[in-house]
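Overview (structure and organization)
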Amino acid sequence: MAKENKNLTLFDSIESKEKPSRAFLPSPFISASLPLRDIKGSLFTRKYNGIEMILTGAPKVPYGVYGRLVLSLLTTHAVLDEKDENGNVVINYSKEKEFLDELQAPKSRGKNFREQLEYFSNSTFVYKVKVQKKVQRSLFEDLDNIKDSVEVSYESTGNIAFIKKYERLTLLDGDIEADKKNRNMSVVLNADFVKLCVEHAVPINYTTYSKLSATGKDLYAWFVYRNNSLNYGDVIKIPKEKLVEQFMPVKDAEKNKAQVNSNYQFLKEQIDEIKKYYKGLDVYVLKDGGGIVLRASPPEIFANDKRYVLITAND
C-alpha cells in the first residue's frame, strides 16, 4: 500500500450531499490502466517507465468508463472480502440490481456493466516490471571483486486471470419484467489477482472516481496514488510529453506532435474537472505548455477513513 502522509490535515470538504464512498485500486492498474475505449480486438499493451501491461481477452478486453468502475468493484472485494482456502474471493448477488447498487449505477446501464464483467471473466493480464538498482554486495557471496554494491537488473512477469469463474442465471419468460430477469450472479476472483490487489491496494474516493471520464479516472487515481508518496513541501514536475505518454499515448509521438498537443489539451481539461471534486489537490498547469507541477496535497482518503462508506457495504 502507498505510504500515508501523516504530516497533512485530512481533506474533509465534500461539496456533494451524496455520502462519499471508499474503494480500492491496485497500483499496477494506476500506472498502466485499461484501454480508454473499445479497441475492437483481443490484445492491448500499455508501457510506461519500465512497466508493461498486456491484456488479452475474448472477444474483447475490458475498457472505458464502465470497465474501470467494474474493476474498482472487483478489486475492492478482493482487498476486503474473506478469502477461501485457496485464496479466492467469492462474490454473490441474488439479482443484478444488487450488483448495480454497489456500483451506484442506474438499472438502465445494466447491459453496459454486464458486458464489462463478462469481458473480465474471459481476460487475463501480464504485468511486467523491469528495474535497475544498486544492491548490497553481501547478497552475492560469490563476488570477490565488488567492495560495497552491485548494479542489478530485475525483471518480474506473470500471467494472471481476473476471474476464475463467472455464473449468471437469466429468466427467459417473456412476461417477466426486464429488470427482474437477470438473477443469481456469482463471481469467483482468481487467487493471484486477489493477492496482487491486497499487496498493492490504493484507497480512492469512489464518489469522485465515478463522476469522471475514463481519462479523468486514470488521472485522478494517479494523483491520489502519487500524492500518498509525497512528503509535505515536495514538488514534482511532469513534462507534457510524459503526461501524454502515460495517459493518452500517441503512436510515433515525435512525428505526430499536433496529436500530442491535442491530447495534452484534453488532459488539462480533465485536471480542471478533477479539481472540482478533489478540492485539496495542489496541481498547477505550467503556462508555457511544458507540463504540470504537483505539490504535496492533503490526502483525499486514507484506507481506514471513517468518513467514507465502502462501495461494497450493504445497508
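Rules of the game
- Residues numbered from 1 in each chain as written.
- Predicted model: local features only at pLDDT ≥ 70, side-chain atom pairs only at ≥ 80, totals over all residues.
- Heavy atoms only, no water.
- Helix = DSSP H or I, 4+ residues; strand = E, 2+ residues; numbered from the N terminus.
- Contact = heavy atoms within 4.5 Å.
- Areas by Shrake-Rupley, 256 points an atom, 1.4 Å probe, with all protein chains shown as cover.
- Salt bridge = Lys/Arg side-chain N within 4 Å of Asp/Glu carboxyl O.
- Buried < 20%, exposed > 50% of the residue type's maximum accessible area, 1.4 Å probe, protein only.
- Polar contact = N/O pair within 3.5 Å; in protein donor to acceptor, adjacent residues only side chain to side chain.
- Axes fitted to C-alpha atoms, helices over the stretch in contact; angles between N-to-C directions.
- Left-handed = near helix turned anticlockwise from the far one by under 90°.
- Nonpolar A, V, L, I, M, F, W, Y, C, P; charged D, E, K, R; others polar.

Quick look at the overall build of the chain
- When helices and strands are tallied, the chain shows nine helices and 14 strands.
- Taking the contacts inside the chain whose residues are at least 6 apart along the sequence as the reference set, 70% of them involve residues at least 24 apart.
- In the form shown here, the chain has an accessible surface area of approximately 16500 Å², with 47% of it arising from carbon and sulfur atoms.

Let's talk about the pattern of salt bridges
- Per the counting criterion, the structure on display carries eleven salt bridges.
- Here D38 and K60 are joined by a salt bridge, their closest N and O atoms 2.7 Å apart. Of the two residues, D38 sits in the loop between α1 (28–31) and β2 (43–48) while K60 sits in the loop between β3 (51–57) and α2 (64–80), which places them 22 residues apart along the sequence.
- Accessibility expressed as a relative area gives 22% for K60, which makes it partly exposed.

Quick word on the side chain of N88
- Here N88 is to be found in the loop between α2 and β4 (89–95).
- Looking at N88, its side chain comes within polar contact range of the main-chain nitrogen of A191, at 3.0 Å.
- Setting aside residues no more than four positions away along its own chain, N88 makes contact with E82, K83, K164, V188, L189, N190 and A191.

Description of the packing of α2 against helix α4 (residues 110–121)
- At their nearest, the axes of α2 and α4 sit 9 Å apart, and the two run at 65° to each other. Like other packed secondary-structure pairs, α2 and α4 cross with a definite hand, here right-handed. Counted together, Y66, G67, L69, V70, L71 and L74 of α2 and N112, F113, Q116, L117 and F120 of α4 form the full contact between these two elements.
- Here the residues of the contact of α2 with α4 sort into eight nonpolar, three polar and no charged.

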